[in-house]
Each structure stands twice: as C-alpha cells, then as structure tokens.
Amino acid sequence: MATATAAQTINRVFAPIQQFNRSWMQAEATGAYGVELGFASSSHFWLVGRAGVLGACSDEVAASALAFQPLDRVRAAWHGVPETLTHYEVSLRYRDVLARRGDEVLGNFDPETIESIDEMGRRVIDAAPAALGGIFAGWRQVALPGSDAGRAALTIHVLRELRGAAHVTAILASGLTPLEAVLAATDPPPRTGPAYAELMGFVGPFRDPEEYRHQRIEAEELTKSMLERYFAVLSPDELAQFGDAVESAGAAAAAK
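So, here is what we can say about the structure in this document. Only a predicted model underlies this, so the values are computations on that prediction, with no experimental measurement involved. (Residues numbered from 1 in each chain as written. Predicted model: local features only at pLDDT ≥ 70, side-chain atom pairs only at ≥ 80, totals over all residues. Heavy atoms only, no water.)

## A closer look at the overall build of the protein
Looking only at helices and strands, the protein has 13 helices and 0 strands in total. Counting from the amino terminus, the protein carries its helices and strands in the arrangement α-α-α-α-α-α-α-α-α-α-α-α-α. Computed over C-alpha atoms, the radius of gyration of the protein comes to 18 Å, within 12% of the 18 Å expected from 2.2 N^0.38 for 256 residues, which places it in the range of a compact globule. Classification of the 256 residues of the protein by burial places 52% in the buried group. Contacts spanning at least 24 positions in sequence make up 76% of the contacts within the protein whose residues lie at least 6 apart. Looking at the protein as shown, the accessible area adds up to about 11600 Å², and 53% of this sits on carbon and sulfur atoms. (Helix = DSSP H or I, 4+ residues; strand = E, 2+ residues; numbered from the N terminus. Rg over C-alpha atoms; globule rule 2.2 N^0.38 Å. Buried < 20%, exposed > 50% of the residue type's maximum accessible area, 1.4 Å probe, protein only. Contact = heavy atoms within 4.5 Å. Areas by Shrake-Rupley, 256 points an atom, 1.4 Å probe, with all protein chains shown as cover.)

Structure (structure tokens):
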C-alpha cells in the first residue's frame, strides 16, 4: 500500500481542493442564484456566502476575517443582504449550492472514495483549533447536507477555509499586509500583481511586489508548515488514500 507524509499530502491536495471549490463558486449558475435571492451581484453572494457564518457582525469584522478583500467591497455586500435573509442564512444557501455541486460531481463516485474525503478530511479539520480563524470555525459548525456526496463537498470546502485561515496568519507573521500578499501572489497571471489587485477592488498606487517577493514565498512555506500537525492525525497510508480521493474529486470537478 502506498504511503505519504503530512507535508507531501499538503503539497498534493490543495490545488485540487481549490479546483473543486472554484468549479462551483465561480459557476454562472451560482452567481445567478445569488442574484435571484436579491443580491446586487454574484460577488456579493460569494462574499456573504463565505463570511455569513460569522453572523450579524459589523462589515469591518467580516472584512477582517476575509482578509484579502477591500473593506469597501465587503461593506457593499454586507449591507446588500436581501431583507428576507440573515447573514447566516445566506451561508446556508451557499452550503446548499455546494451540496448540489457535490451530488453532481461526486454522486457517482464509489462510496469508499466519498467516505475517505469526508471522514479523513473531518479528522484533519477537527484537529485544528477554532482560534485559527472565525470563518473556518464557523464553517466547521455548519449543519451537514443530507447526502454523502454533499457532505464530502462541504468537507472539501471547510478544508479550503482551514488552509485560508492558516494562510492569513502566515501572511501577517511574514510581515506582509493582505494587500501586499495579493500583489505578490505566487499564483500565475492573472491572479497576481497590480492589475489583479485592482480587479479585486484595491486602489493604487501600489508598492513594487518585487520588494517583498521573498516574504511572500516564505508565507507559503509557513502556511504548509502550520498545517502539518493537523494532517499528521492521519496515518501514512491514510494520507496516501486521502490524497488519491481528493485528487479524483478535483479532476471530476474540472471535467464537468
């Protein structure tokens, strides 16, 4: 049986986790549903859908938890919630979209693969402290969908928020601001640099990202290092099995 270390599995799974989540977060149907609910735009639904687990906090608190979004953009979304919904209820609607995506993408997977994602993923999630981040802690407590595939999809999403929470801490510990992290992002274009920051709603002039590129790279490594102790709750063979299952979910999402 194949085995893996926590570090190897972290390097392996977060690209497919991101791939799976982007497949539904950025889907036209998801944005259209948000507008149908009464949001001014799909991005407003995305912002409140993610941060609504914090409840009826102030827009500044929501922006601080999201970290990499400008306050003005979060404020517009936070105060644009339809009158028929609370912020938390928006997150539940967001969960429902995710669960449907899980049924669509993972519904035909063999039960063992789905169980590997959900059961092992939850053990990693439960090993992390709530203090890591409010959005992560909030999503960890969201009620589970009814289907096995839906639950696995939610677990993938909470793993994304786990990594995101650790990353915010790593960015700050590396001496960077969230804006500087966006400017010097290690993702390939267009998800990096001044043009990407402006697309997200930040306003220049900006510092030259090359001045702190090394800190940005250090923050990526620190993020991975922070996560290792949580993944280490899985045995070496479980880590390999979990990596296989998550990669298959990411590939299936990309294919649909």
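That covers the picture; the talk isn't over yet.
## What to know about unusual backbone geometry
The peptide bond linking P189 to P190 adopts the cis configuration, its omega dihedral lying at 10°. Following the sequence through the fold, P190 ends up in the loop between α10 (178-183) and α11 (193-199). Going from G204 to P205, the amide bond is cis rather than trans, its omega being 10°. Mapped onto the secondary structure, P205 falls in the loop between α11 and α12 (213-231). For A67, which is not glycine, the phi torsion reads 70° and is therefore positive. One can find A67 in the loop between α4 (59-66) and α5 (71-78). The exposure class assigned to A67 is buried, which follows from its relative accessible area of 13%.

## Description of the nonpolar core
Ranked by size, the top nonpolar core spans 67 residues in total, and within it F20, L132, L162 and F231 carry the most contacts. Among the elements that take part in this core, helix α9 (residues 148-173) stands out by supplying 11 residues, more than any other. Contacts of L132, omitting those with residues within four sequence positions, involve L162, A165, A166, T169, M226 and Y230. If you look at the next biggest cluster of nonpolar residues, it comprises 15 residues, including F68, I171, Y212 and A219. (Core = buried A, V, L, I, M, F, W, Y, C linked by side-chain atoms within 4.5 Å.)

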